[in-house]
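Residues per chain are reported as follows:
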Amino acid sequence: MTTGKLYEGMIHIINDIFTEEERLHLLEDVEPLLVDGDSLAMFYLKEKGRLPGRQSHSTFHLNPDFKWVHDRFMNNIEQKTNLHLQIVTSWVNYTDGSQKLNYHIHRDGDYCVVYYLKTFPFINSGTKFEKKFVRVPQNSLLLFPCNLRHTSPNSIFRYKRYTIALIYNLLK
């Protein structure tokens, strides 16, 4: 499934990644991995500053307890897009809508993926690109080139949004 003419062929949505039981179990298992933004800023940036929400470290894909999760992502991506990718990094995000918009790109990979683990429909279920908000249902993933500027949505309403972000390189 693609998202219309603006990003036609560049952005792919893949639905129904996990069963509901698997998704809820995953949500429970990733919660203890989340670190507050101040601590992450000190760890990675060596300076004070607030990264939005809470995140895991970017080595989530190296945790053997979550190999099945990454395998499921890879299998779905290969099956639906015929892309053959290799993971570079992954991490878990939590936001509540209060963060400022922070448009960015990822220079360390070819493709980005956002998996929507828990969202609030109609408010935060998707990713904001510079020219378009792309809605993506909970339990689905969004695949797009890493050079597209994007950010998580913000809102005047507070909500719990859990995503898993991944960066992949195209296998040559």
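For the structure itself, consult the block above.
What counts and what doesn't
- Residues numbered from 1 in each chain as written.
- Predicted model: local features only at pLDDT ≥ 70, side-chain atom pairs only at ≥ 80, totals over all residues.
- Heavy atoms only, no water.
- Pairing = 2+ DSSP bridges.
- Helix = DSSP H or I, 4+ residues; strand = E, 2+ residues; numbered from the N terminus.
- Buried < 20%, exposed > 50% of the residue type's maximum accessible area, 1.4 Å probe, protein only.
- Contact = heavy atoms within 4.5 Å.
- Core = buried A, V, L, I, M, F, W, Y, C linked by side-chain atoms within 4.5 Å.
- Phe/Tyr/Trp six-rings, centres within 6.5 Å; stacked < 30°, edge-to-face > 60°.
- Expected span 1.5 Å × (residues − 1).
- Arc of directions from axis to C-beta.

**Student:** Mind laying out the sheet that holds strand β7 (residues 133–135), listing which residues take part and the relevant values?
**Tutor:** The three strands are arranged β7-β6-β9 in an open sheet whose pairing can be described as antiparallel. At either end of the open sheet lies a strand with only one pairing partner, and these are β7 and β9 (150–151). Alignment of strand β6 (residues 126–129) against β9, held across two bridges, turns out to be antiparallel. Residue pairing for β9: F129 is matched across the bridge by H150.

**Student:** How would you summarise the environment of N76 if you had to cite specific residues and measurements?
**Tutor:** Tracing the backbone through its elements, the reader meets N76 in helix α3 (residues 67–81). N76 sits in the buried class, given a relative accessible area of 11%. If near-sequence neighbours (up to four positions away) are discounted, N76 is found in contact with I14 and I17.

**Student:** Which residues make up the nonpolar core, and what values do they have?
**Tutor:** L26, F73, Y115, L141, I164 and Y168 are the most contacted members of the largest nonpolar core, which totals 27 residues. At the level of secondary structure, the elements contributing two or more residues to this core comprise α1 (20–30), α3, β4 (85–95), β5 (111–118), β8 (141–145) and β10 (161–170). Not counting residues up to four positions away in its chain, the partners in contact with F73 are I17, F18, Y115, L141, I164, L166 and Y168.

**Student:** Can you break down the sheet that holds β5 residue by residue, with the values?
**Tutor:** Where strands meet in a sheet, backbone hydrogen bonds hold them as pairs that are either parallel or antiparallel. Taken in spatial order, the seven strands make up an open sheet running β1-β8-β5-β10-β4-β3-β2, and their pairing is antiparallel. The open sheet has two edge strands, β1 (12–14) and β2 (35–36), and neither has a second partner. With 10 bridges connecting them, β4 and β10 associate as antiparallel partners. Bridging from a neighbouring strand, I87 pairs with Y168 of β10.

**Student:** So what's going on with the packing of aromatic side chains? Which residues, and what values?
**Tutor:** Applying the stated criterion across every chain, the model contains seven aromatic pairs. Relative to F66, the ring of F60 has its centre 4.7 Å away and its plane inclined at 40°; by these criteria the two rings are tilted. On the accessibility criterion, F66 (5% relative accessible area) is buried. Here F73 and Y115 contribute two aromatic rings whose centre-to-centre distance is 5.2 Å and whose plane-to-plane angle is 45°, an arrangement assigned as tilted. Taken as a pair, F73 in helix α3 and Y115 in strand β5 lie far apart in primary sequence, 42 residues in all. On the basis of relative accessibility, which here comes to 0%, the residue F73 falls in the buried class. On the accessibility criterion, Y115 (0% relative accessible area) is buried. Grouped by ring-pair contacts, the aromatic residues F18, W68, F73 and Y115 constitute a single cluster.

**Student:** Lay out α3 with the relevant residues and their values.
**Tutor:** Taking 1.5 Å per residue, 15 residues should reach 21 Å; α3 reaches 21 Å between its end C-alpha atoms and fits that length. Every buried residue of α3 is accounted for by V69, H70, F73, M74, N76, I77 and T81. Mapping the buried residues of α3 onto a view down its axis gives an arc of 165°, with all of them on the same face. Looking at the buried side of α3, the elements it contacts are β1, α1, β4, β5, β8 and β10.

Read these as layout, nothing more, since geometry by itself doesn't imply function.
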